[in-house]
Amino acid sequence: MRPPTTSVAAEATRVVGAARTMRVRSASAPPPGRPVNEDFVFRFGPLAGVLDGATVPEGFDTGCVHGPSWYVRHLAARLGLAEAVRPTATLMSNLAAAILAVRADHGGECDLDHPGTPSSTVCLLRDGGDHLDYLVLCDSPLVLDAGGRISVVTDDRLDAAMAAVRATVAAVPAGSADRLTRFRRAVGVQRERMNRTHGYWVAAADPDAAFHAVTGTLPLRGPGAVRRAALLSDGASALVEQFGLLDWAGLLDVATAAGPGALIDRVRTAERDHPDRLRRHKPADDASVLLCEFDAREP
């Protein structure tokens, strides 16, 4: 893993025959003052992805000797291997295989049934030549420019679960618990809803979670072809979803024109200038942007 910097950027090009390219630019950074990045961005041939490891609140047990950064690095490596070994398998199937392989990577040291076991969101794209496969699991959205229209693929089940968590905590009489106790109650209720029906799904130790992802296929040829796509951790999508400083089209345009690193710089400015708009318990978050651009391909 590279040493952490203000922003970590990368660029790559894949050529598949004549006039078929996918250009990738990325940036990823931990919050100011924290040396460890719990996000991970990667590119393995036609597969690109963003993973966002779940931060463990201070004082909470996980049943595991490994942390979120370990988990996202191992999951990315296992996804790359699964893609290399089974390039025609579905993204769901390869994600399930990767989760199962990481389960073995723990080496028997950890209680993988613990509700706080390390976990991560997943946002994947795979270039299939004439089509694009995608997978979104938990709150790392995918922004698409296809046929001149901007759209976003999201998995809103965590938001729904958190709304229920907030309602449960709000029902606790205000005078019966201090703020820390109420926060611990909220984390406990959220953990109870992870990878459960009527809860939310995330990559952790259960490979079945992969089959609850939001998936689809889009064309890379013709009038409805995808031209640009941005894969985001929620630390980057906060510019739209929490701060309201950009819409999805504006976010995609900034990433394209100024680069993913410039988008993260805007996140840091927003976190500093608009703390009242944050919907998370921490003042700053890891932020990752992976931008894919596709040349026009003949019908």
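In case you missed it, the structure is sitting above this.
Remember, predicted model here, so these are calculated numbers, not experimental data.

1. Describing unusual backbone geometry
- Unlike most non-glycine residues, Cys138 shows phi in positive territory, near 70 degrees.
- Take Cys138: it is sitting in the loop between β6 (131–137) and β7 (142–146).

2. Describing the packing of helix α6 (residues 248–258) against helix α7 (residues 260–273)
- It is the contact of α6 with α7, at a shortest axis distance of 6 Å, that shows an interaxial angle of 125 degrees. By the criterion of interaxial angle, the relationship of α6 to α7 is oblique. The segment α6 lies against α7, with Leu251, Val254, Ala255 and Ala258 engaging Pro260, Ala262, Leu263 and Arg266.
- In the contact of α6 with α7, the residues fall into seven nonpolar, no polar and one charged.

3. Considering the side chain of Ser140
- Inspection of the secondary structure assignment puts Ser140 in the loop between β6 and β7.
- Overall, the relative accessible area of 0% leaves Ser140 in the buried class.
- In terms of polar contacts, Ser140 uses its side chain to reach the backbone carbonyl oxygen of Leu232, at 3.5 Å.
- Sequence-distant contacts of Ser140, defined by excluding residues within four places in its chain, comprise Asp52, Thr121, Cys123, Leu232, Ser233 and Asp234.

4. Topic: the sheet that holds strand β4 (residues 47–53)
- Across the sheet, five strands lie side by side as β3-β4-β5-β6-β9; this open sheet has antiparallel pairing. This sheet does not close on itself; its edge strands, each paired only once, are β3 (39–44) and β9 (214–219). Mean inter-strand twist for the sheet, computed between neighbouring axes without regard to direction, equals 10 degrees.
- Pairing of β6 with β9 involves six bridges; the strand directions are antiparallel. In the sheet register, Leu135 faces β9, and the bridge partner there is Thr215.
- Sheet strands touched by helix α2 (residues 91–105): β4, β5 (120–127), β6 and β9. Its angle to β6, the strand with the most contacts, is close to 45 degrees.

5. Quick look at the side chain of Ser233
- Within the secondary structure layout, Ser233 lies in the loop between β10 (226–232) and α5 (234–241).
- The class of Ser233 is buried, set by a relative accessible area of 0%.
- When neighbours within four sequence positions are excluded, Ser233 is seen to be in contact with Asp39, Val50, Asp52, Ser140, Asp286, Ala287 and Ser288.

6. Considering the pattern of salt bridges
- For the structure on display, the rule yields twelve salt bridges.
- One network of salt bridges, with partners in common, ties together Arg34, Glu38 and Asp286.

Procedures and definitions
- Sequence order sets the numbering: in each chain, residues are counted from 1 along the sequence as written.
- Confidence filtering applies because this is a predicted model: local features only for residues at pLDDT of at least 70, side-chain atom pairs given and counted only at 80 or more, and all residues used for totals across whole chains, interfaces and linings.
- Only heavy atoms go into the side-chain values, all of them from the structure, while hydrogens and water stay out.
- Put simply, DSSP H or I for four residues or longer makes a helix, DSSP E for two residues or longer makes a strand, and each gets a number counted from the N terminus.
- Only C-alpha atoms enter the line fits that serve as axes; for helices the fit covers just the stretch in contact. Angles between N-to-C directions range over 0 to 180 degrees.
- When describing relative orientation, an angle under 35 degrees is termed roughly parallel and one over 145 degrees roughly antiparallel, while 65 to 115 degrees is termed roughly perpendicular and anything else oblique.
- Whether two residues touch is decided by their heavy atoms; if any such pair falls within 4.5 Å, the residues are in contact.
- Any residue that is not Ala, Val, Leu, Ile, Met, Phe, Trp, Tyr, Cys, Pro, Asp, Glu, Lys or Arg is counted as polar, Gly included; the first ten are nonpolar and the last four charged.
- Relative accessible area decides the class of each residue, using a 1.4 Å probe on protein chains only: under 20% of the type maximum gives buried, over 50% gives exposed, and in between gives partly exposed.
- Any pair of N or O atoms that falls within 3.5 Å is considered a polar contact. Within protein, one atom must be able to donate a hydrogen and the other to accept it, and sequence-neighbouring residues count only if both atoms are side-chain atoms.
- Pairs of strands are assigned from DSSP output, requiring at least two bridges between the strands.
- Salt bridges are defined as contacts in which a side-chain nitrogen from Lys or Arg sits within 4 Å of a carboxyl oxygen from Asp or Glu.

These figures come from the coordinates and say nothing about function on their own.
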